[in-house]
Amino acid sequence: MRDKARKTAIETIRRAGGLLKENLGRSRSVEFKGAIDLVTEADRASEDLIMGEIRKAFPGHGILTEESPEVVKDSPFKWIIDPLDGTTNYSHGFPFFCVSIAFEEEGTVVFGAVYDPMLDELFTAERGRGALLNGEVIKVSSTDSLDRSLLATGFPYDLRVADDNNFDHFSAFSLKAQAIRRAGSAALDLCYTASGRFDGYWEMKLRPWDVAAGALIVEEAGGRVTGFGGGPFSVYGRECLASNGLIHERMIKVLKGPDRDA
Ligand code: IPD
Ligand code: CA
Ligand code: CA
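J.: Which parts of the structure should I look at to understand the coordination of the calcium ion (ligand 3)?
T.: Six octahedral donors around a metal ideally sit at 90 or 180 degrees from one another, while four tetrahedral donors ideally sit at 109.5 degrees. Distances from the calcium ion (ligand 3) to its protein donors, E66 (OE), D82 (OD) and L84 (O), fall within 2.1 to 2.4 Å. In the primary structure, the donors to the calcium ion (ligand 3) are separated according to the pattern E-x15-D-x1-L. Residue E66 is classed as partly exposed on the basis of its relative accessible area of 22%. Overall, the relative accessible area of 1% leaves D82 in the buried class.

Written as structure tokens, this is what we have:
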């Protein structure tokens with residue numbers, strides 16, 4: 001079953017990514033879910049394709065996906081899908097976006113795939129079996145100081161109205177890290193951390209589909225993924241701190257605030 005799930009995920013994610021790439025720059029209708037949170041025709045087309053394939057291959061499985069109501073089945077198996085991570089980028093023709101598919105068994109993500117169709121980069125991981133980029137093993141970086149680290153983050157869609165909008169953490173890390181990138185795709189931020197392009201990543205107010213596949217990919221690449229305080233990470237927990245492990249404690253200190261200098 002796991003083999004069939006892996007095969008279905010990989011075939012489907014490549015097709016969905018291809019569809020997004022083909023339609024880049026052509027997205028006609030943009031609908032706003034909030035002041036700055038949007039959904040395009042491409043999000044829905046990608047989601048329809050993925051859901052169709054999963055339902056065909058595994059009619060009994062649950063499906064949690066961003067743009068449709070959750071399909072809840074009496075099943076230990078659940079698919080967690082972001083049909084387009086980086087929608088804002090996509091809608092502007094900024095070519096940094098991906099598709100993310102994770103497969104959960106009894107509440108644990110056991111397989112994850114993230115596909116960037118622009119670079120034709122497929123990141124995958126299976127629990128206990130390592131992480132791969134286009135079939136080659138990937139590892140986190142060996143950077144062990146914050147001031148040599150390239151970090152990534154993102155900002156929540158409610159940043160205009162909520163006080164906990166990540167600006168404080170962003171300022172604090174700006175003074176500690178070598179540099180910070182806000183590239184606009186949480187799933188790719190995690191995969192870039194897994195492959196050593198970034199040394200660490202933090203973000204708040206995330207949803208399961210943003211992180212389910214990417215967090216497993218970081219762990220399987222030898223990195224560490226926790227909540228901001230260092231406690232266990234949950235894909236349902238909304239907060240994610242991921243790193244190469246070596247700078248993790250330093251990042252926790254910065255996230256704790258100015259009293260505990262890193
Ligand atoms: C968003 C992106 C962004 C992150 C947001 C996510 P979406 O996902 O991953 O980088 O900062 O938290 O919601 O809306 O493009 O699928
Ligand atoms: Ca997302
Ligand atoms: Ca999305």
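J.: Please explain the site of ligand 1 as it appears in this structure.
T.: In the neighbourhood of ligand 1, 16 residues make up the surrounding shell, with D85, G86, Y157, A186 and E203 lying closest. Between an oxygen atom of ligand 1 and a main-chain N or O atom of T87, the distance comes to 2.8 Å. Taking A186, its main chain carries an N or O atom lying 2.8 Å from an oxygen atom of ligand 1. Protein chains bury 95% of the 370 Å² of accessible surface belonging to ligand 1 in isolation. Per-element tally for the shell around ligand 1: the top contributor is strand β4 (residues 77–85), with three residues.

J.: Any chance you could explain the coordination of the calcium ion (ligand 2) here in plain terms?
T.: For the calcium ion (ligand 2), the full set of protein donor atoms is D82 (OD), D85 (OD) and D210 (OD), at a range of 2.1 to 2.2 Å. Between consecutive donors of the calcium ion (ligand 2), the numbers of intervening residues give the motif D-x2-D-x124-D. Between the two metals, the calcium ion (ligand 2) and the calcium ion (ligand 3), the spacing is 3.7 Å, and D82 donates to both. Both residues of the pair, D82 and D85, belong to the buried class.

J.: Can you help me understand the domain arrangement of the chain in this one?
T.: Considered domain by domain, the chain is made up of domain 1 (2–137) and domain 2 (146–256). Summarising the inter-unit geometry, the C-alpha centres of domain 1 and domain 2 are found 20 Å apart. Each side of the interface is counted separately: domain 1 has 41 residues, and domain 2 has 27 residues. Between domain 1 and domain 2, roughly 2,500 Å² of surface is buried when both sides are summed, and carbon and sulfur atoms account for 66% of that area. At the surface where domain 1 touches domain 2, the tally comes to two salt bridges. A salt bridge links E121 to R197; the shortest N-O distance between them is 2.7 Å. Counting the contacts that link domain 1 with domain 2 gives twelve residue pairs in polar contact (both at pLDDT 80 or more). Looking at the side of domain 1 that touches domain 2, the elements with two or more residues in it are β3 (62–65), β4, α3 (87–91), β5 (98–105), β6 (108–116), β7 (121–126) and β8 (131–133). Among the elements that make up the side of domain 1 that touches domain 2, the one with the highest residue count is β6 (seven residues).

Definitions and limits used
- Residues numbered from 1 in each chain as written.
- Chains lettered and ligands numbered in written order.
- Predicted model: local features only at pLDDT ≥ 70, side-chain atom pairs only at ≥ 80, totals over all residues.
- Heavy atoms only, no water.
- Donors = N, O, S within 2.8 Å, 3.2 Å for Na, K, Ca; no water.
- Buried < 20%, exposed > 50% of the residue type's maximum accessible area, 1.4 Å probe, protein only.
- Near = heavy atom within 4 Å.
- Polar contact = N/O pair within 3.5 Å; in protein donor to acceptor, adjacent residues only side chain to side chain.
- Areas by Shrake-Rupley, 256 points an atom, 1.4 Å probe, with all protein chains shown as cover.
- Helix = DSSP H or I, 4+ residues; strand = E, 2+ residues; numbered from the N terminus.
- Domains from an automatic or database assignment.
- Contact = heavy atoms within 4.5 Å.
- Buried area = accessible area lost by both parts, 1.4 Å probe.
- Salt bridge = Lys/Arg side-chain N within 4 Å of Asp/Glu carboxyl O.

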